[in-house]
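# An overview of the molecular structure
Each chain, written out:
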Amino acid sequence: MNFKRCLVLLLIILAVSALAFSQKQAPPEGGTPRDFKLPPKTAFTLPNGLSVTLVPYGTIPKVTVSAIVRAGNLNEKENEVWLADIMGDLMKEGTTTRSAGVIAEEAATMGGTVNINVAPDLTTINGDVLSEFGPSLVRLIADILRNPLLPESELTRIKNDHIRNLSISKSQPGALTLERFRQMMYGDHPYGRIFPTTEMVQNYSIEQVRLFYRNNFGAARTNVYVTGRFDAKAMETALRQAFNGWSKGPAPLVDIPKPVAQKQFHLIDRPGAAQSTIYVGLPVINPADKEYVPLLVTNALLGGSFGSRITSNIREDKGYTYSPSSQISSRYRDAYWVEVADVTTDVTGPSLKEIFYEINRLQNEPPPADELKGIQNYLSGTFVLQNSSRGGIINQLSFLSLHGLKDDYLTNYVKNVHAVTPKDVQRITQTQIRDKDMTLVIAGDKKKIEDQIKEYGNVGETKK
Amino acid sequence: MRIPNLFVTSLALCLVTALAWGQGGNNFTMPVEYHKLPNGLKVVLSTDSSSPTVVIAVYYNIGFRIEPKDRTGFAHLFEHMMFQGSNNLGKMEFIQLVQRNGGVLNGSTRFDFTNYFEILPSHKLETALWAEADRMRGLAITQENLTNQQGVVKNEVKVNVINQPYGGFPWLDMPQYANTNWYNAHNFYGDLEHLDAATLEDVQGFFKTYYAPNNAALVVVGDFNPKEALALIQKYFSPIPSAPQPAKPDLGEPRQDKEKRFTKKDTLAFRPGLGFAYHVPERNTPEYYAMGLLDQILVQGDDSRLHQILVKRKGYTAGVGGGINYLLGTMYNYNGPMLWMASLFHDNTVKPDEIMAAVDEAIEEVRTKPVDRATLDRAMVKLRSSFYNNLGGLFGFGRADLLACFALFDDNPSRINTIEDGFRKVTPELILKTAQEYLRPTNRTVLTIEPKSGS
């Protein structure tokens, strides 16, 4: 480097440091907002009760088809945990006219795979392929849904896979903590059963699997969503042909839990653990409640976003943890709020103290209007993102359907977010995020943390 | 200083809709405008009006591969420092600025770049450009902020590696076992002592060298006016001075001629894990494209050869995952030696040798006879489908990622519109030749994870 350039660089460096001491520039505001309208949709219902929604979206030449059935782990009996998952995997093992190999190859030839995902309330059969193959994908998914073979020949292998997955899950601190948290909150309700026992899985018979399908699958429980770029006419024809004539099936099972809202504490001992995994939370109002949107706003401000209070405190101020976050986890007519954090072992107590400090602070004083405004803008911005992808659009529509909400939940969402006042946030924190009614589960090194967490009450304990 | 002319490579918005319905013969194309500022900053603009949002991505040509030898993990620790304060934005203010304007943000450190991006309502483009320029111009970091982020990063390593069964398997472990050149083979997350040893001087020195505009690419994707965007970019980024860049170290890996096997004990795990990796052909060569299709044939999707034999026929595992640059990126976003890798979990009753024998059965098939046309066609469809998902991924961020890498590594972001051609040229013979050289057993590393006994 020659001297002259050195000098120039030095001057620039000096200028930059001088700037740091002068008054800071304010960020430019940007331009005028562009209108966001939800992508328009077409919906129709077949005579057998199956409902279809088509949403053209985007420029990428792909199409997503999701058939979402109102059935899942909720429909399992006490000794049937994961039966829904095993049935879901077996559905890909062949239909009355297609072998498993043919299903896999057909999907691949369209540029995709068929995925089956089982959740507490819903089972999703989903494919994402090049646009021109949309109608073929509809026919493939309909065949899997309507005519699964559920072959006995594959059952042992699928059960083994689940037993292996169970063993792997049971070695993960996050999974163990969630399991205990759900057990303590939901007791005997299916939402409280995260894992089966090995023996339970070993005992499942093909008759049980087939009965589960017959009892829980049918047109009236099913929504089919199509998003992306597609030929609407060809898709509608394919959908009508593929699903007409499927039997209506049983009405959805309604089994609303009564989760425990009281102070409880459990420690899962993991000797030598470098971190403590914390779950702390309680039941809250569910998406059908008119105060659900104010609850979402409150959560985003308290712990549900990068800039939120709990995250700012225990991550950006104290450095106790990497990815803390609070969330509202919802099912049909049910929801809980929970803060989840993996914190360094020797600051387990201090982390909890700060989490409760932030909850109490928001109970005791309304947030500054500025801070709330920022969160409201954040939620309106992320709302646009939630409705700006093929999968995101399906998630939103399926959410409405499960919770029995009308389109106005989405069309009024931004308005309702902005209507929340600082006093509302304080009130919601007082009435919903009640620290005295929380279930607390920690997986960590008991010897090192028990003194730090004495004040949270008597420790129920499991060895891991 | 020489001032390069601004140039525009292509503008093809009208083609997007026209080609979207092509039957597979044509590439899906998108608009790409490419400029270079006098200070060397590469600028790529690509419009898409699917939603009123905009992605702003800044890629610095510095990944963990070439971080300082006595500071493993430093490239990543430094990524955290970029959120800790610049001249006009104090700690947390960058994050708050993006959030309160309705956006999301993140950063990440990979083999050959560190990236920062925001996704915002499109009318906030200027706000984000100003903020990115502010932190490219200079950092204002205190010892307190550094100490804080050392704590956060150590917690990141704990939650992802130290306190997890199979932590680091195979993505962080495999490069360390399979590669021989330090740059490709060190612990990218960093030894905790190295993380602790980092000083404010290290931070400033690293910033001054690697975070100069002539070592970066700025990409904007989404619903915006390119002319207005370019004017704003010139306004905010042009005053930032360039800095001389050090010569890039030799990243080369010698040709491997003997299989390597390693075992790692994992006291948190209950079941064994198995991973295997092969060095892949150099980027952008004909064999590279063939390797991309071999990846589709062998390990992508339920129809893939490894899935069929390991999952369906033998029942060794519930799933086998893999890819080029597996778990740290795609086959498009790196610039140096790379691995094709696959991994699975299995039962204690099955020995790794049995599994590798089944793997060999699938691999030897593509090494001994040319694949049939139907297999190759299917691989091409799968590849295009997954490439389009890349393009559309994360609200346009996926497109920004490709554009930034093609600008940084190839000085040609328009490759995004022609890359499909490279795959189309691949013949069954080239697949065979590529498999014979690169899927040799002597070109691979096998890593087994030994769990604690019982359970």
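On a predicted model such as this, the values are computed, not experimentally measured, just so you know.

Thresholds applied
Residue numbers here run from 1 along each chain, matching the order of that chain's written sequence. Each chain is given a letter, starting from A, and each ligand a number, starting from 1, according to the order in which they appear as written. Where totals are concerned, whole chains, interfaces and linings use all residues; where local detail is concerned, this predicted model gives features only for residues with pLDDT of at least 70, and gives and counts side-chain atom pairs only at 80 or more. To obtain the side-chain values, all non-hydrogen atoms of the structure were included, while hydrogens and water were left out. As annotated, the domain borders come from an automatic or database domain assignment. Should any heavy atoms of two residues lie within 4.5 Å, those residues are considered in contact. Throughout, buried area stands for the accessible area (probe radius 1.4 Å) lost by two parts on being put together, summed over both. By salt bridge we mean one thing: a side-chain nitrogen of Lys or Arg within 4 Å of a carboxyl oxygen of Asp or Glu. What qualifies as a polar contact is a pair of N or O atoms within 3.5 Å, subject to a donor-acceptor requirement within protein and to the restriction that residues adjacent in sequence count only when both atoms come from side chains. Numbering of helices and strands runs from the N terminus, with a helix taken as a DSSP run of H or I at least four residues long and a strand as a DSSP run of E at least two residues long. Any two strands are treated as partners once DSSP identifies two or more bridges connecting them. Interaxial angle, 0 to 180 degrees, is taken between N-to-C directions of lines fitted to C-alpha atoms, where a helix line uses only the stretch in contact. Each residue is placed in one exposure class: buried if its accessible area under a 1.4 Å probe, protein chains only, is under 20% of its type's maximum, exposed if it is over 50%, and partly exposed if it falls in between. Working definition: a ring pair exists when centres of Phe, Tyr or Trp rings (six-membered ring for Trp) sit within 6.5 Å. Plane angles under 30 degrees give stacked, over 60 give edge-to-face, the rest tilted. Look at NZ for Lys and CZ for Arg. If either is within 6 Å of the ring centre and within 35 degrees of the ring normal, a charge sits over the ring. For the purposes of this section, nonpolar cores are sets of buried Ala, Val, Leu, Ile, Met, Phe, Trp, Tyr and Cys residues that join through side-chain atoms within 4.5 Å.

Residues and elements named next belong to chain A. In terms of domain boundaries, chain A breaks down into domain 1 (42-243) and domain 2 (264-463). On a C-alpha basis, the centroid separation for the pair domain 1 and domain 2 is 29 Å. Between domain 1 and domain 2, the residue contacts involve 31 residues of the former and 31 residues of the latter. Roughly 2700 Å² is buried in total at the junction of domain 1 and domain 2, and carbon and sulfur atoms are behind 68% of that figure. Its largest share of buried area at the contact with domain 2, domain 1 owes to Thr177, Phe181 and Met184, together 23% of the area lost on that side. The interface formed by domain 1 and domain 2 includes one salt bridge. Among the ionic pairs, Arg390 bridges to Asp128, the shortest N-O distance being 3.0 Å. Joining domain 1 to domain 2, the criterion identifies 10 residue pairs in polar contact (both at pLDDT 80 or more). It is helix α6 (residues 173-186) that contributes the most residues to the side of domain 1 that touches domain 2, 11 residues altogether.

Another point: the sheet that holds strand β2 (residues 42-47) of chain B. Residues and elements named next belong to chain B. The strand order β1-β2-β6-β3-β5-β4 describes an open sheet built from six strands, whose pairing is mixed. In the strand order of this sheet, the two ends are held by β1 (33-36) and β4 (104-109), each with one partner. Going across the sheet, the axis of each strand differs from the next one's by a mean of 15°, ignoring polarity. Strand contacts of helix α3 (residues 93-100): β4 and β5 (114-121), with the helix running at about 135° to β4, the strand carrying the most contacts. Sitting on the sheet, helix α10 (residues 226-237) is in contact with β1, β2 and β6 (216-222), with an inclination near 155° to β2.

Right, let's get into the pairing of strand β8 (residues 273-279) of chain B. Residue and element names in this part refer to chain B. Counting buried residues along β8, seven of its seven residues qualify, which places the element largely inside the surrounding structure. Relative to strand β10 (residues 339-345), β8 runs antiparallel, the two sharing seven bridges. The partner of Ala277 across the bridge, within β10, is Met341. By the bridge criterion, six bridges tie β8 to strand β11 (residues 444-451) in an arrangement that is antiparallel. From the neighbouring strand, Leu274 faces β11, where its bridge partner is Thr448.

Before going further, it helps to spend a moment on the packing of aromatic side chains. Geometrically, a pair of aromatic rings is defined through the distance of the ring centres and the angle of the planes. With the rule as written, the count across this model stands at 40 aromatic pairs over all chains. Ring plane angle 75° and centroid distance 6.0 Å describe the contact between A:Trp82 and A:Phe195, whose orientation is recorded as edge-to-face. With A:Trp82 in the loop between β3 (62-69) and α2 (83-91) and A:Phe195 in the loop between α6 and α7 (198-203), this pair connects stretches of sequence that are 113 residues apart. An aromatic cluster of at least three residues, connected via ring pairs, comprises B:Tyr60, B:Phe74, B:Phe78, B:Phe83, B:Phe94, B:Tyr116, B:Phe206, B:Phe207, B:Tyr210 and B:Tyr211. Here the basic side chain of A:Arg70 rests over the ring of A:Tyr332, its NZ or CZ set 4.4 Å away from the ring centre. Of note, B:Arg135 hangs over the ring of B:Phe83, and the distance from its end group to the ring centre comes to 4.9 Å.

As a further point, take the environment of A:Pro61. Turning to its location among the elements, A:Pro61 is positioned in the loop between β2 (51-56) and β3. In this structure, the C-alpha to C-alpha distance between A:Pro61 and A:Gly112, residues 51 residues apart in sequence, is 13 Å.

What follows concerns the pairing of strand β8 (residues 275-283) of chain A. Consecutive residues of a regular strand have side chains that alternate between opposite faces of the sheet. All names here are of chain A. Among the nine residues that make up β8, nine are buried, leaving the element largely enclosed by the rest of the structure. Alignment of β8 against strand β10 (residues 334-344), held across nine bridges, turns out to be antiparallel. Its bridge partner lying in β10, Gly281 is registered against Val338. Pairing between β8 and strand β11 (residues 439-444): five bridges, direction antiparallel. Across the sheet, the residue bridging to Val280 is Leu440, located in β11.

Of all hydrophobic cores here, the largest spans 146 residues; its most connected members are B:Phe237 and B:Trp340. At 10 residues, helix α15 (residues 397-410) of chain B tops the list of elements feeding residues into this core. Two domains share this core, each providing at least three of its residues, namely domain 1 (31-237) and domain 2 (260-451) of chain B. The contact partners of B:Phe237, leaving out residues within four places of it in the chain, are B:Leu37, B:Asn39, B:Leu41, B:Leu129, B:Glu132, B:Ala133, B:Met136 and B:Leu218. By size, the runner-up hydrophobic cluster in this structure holds 59 residues, among which are A:Val81, A:Ile141, A:Val224 and A:Met235.

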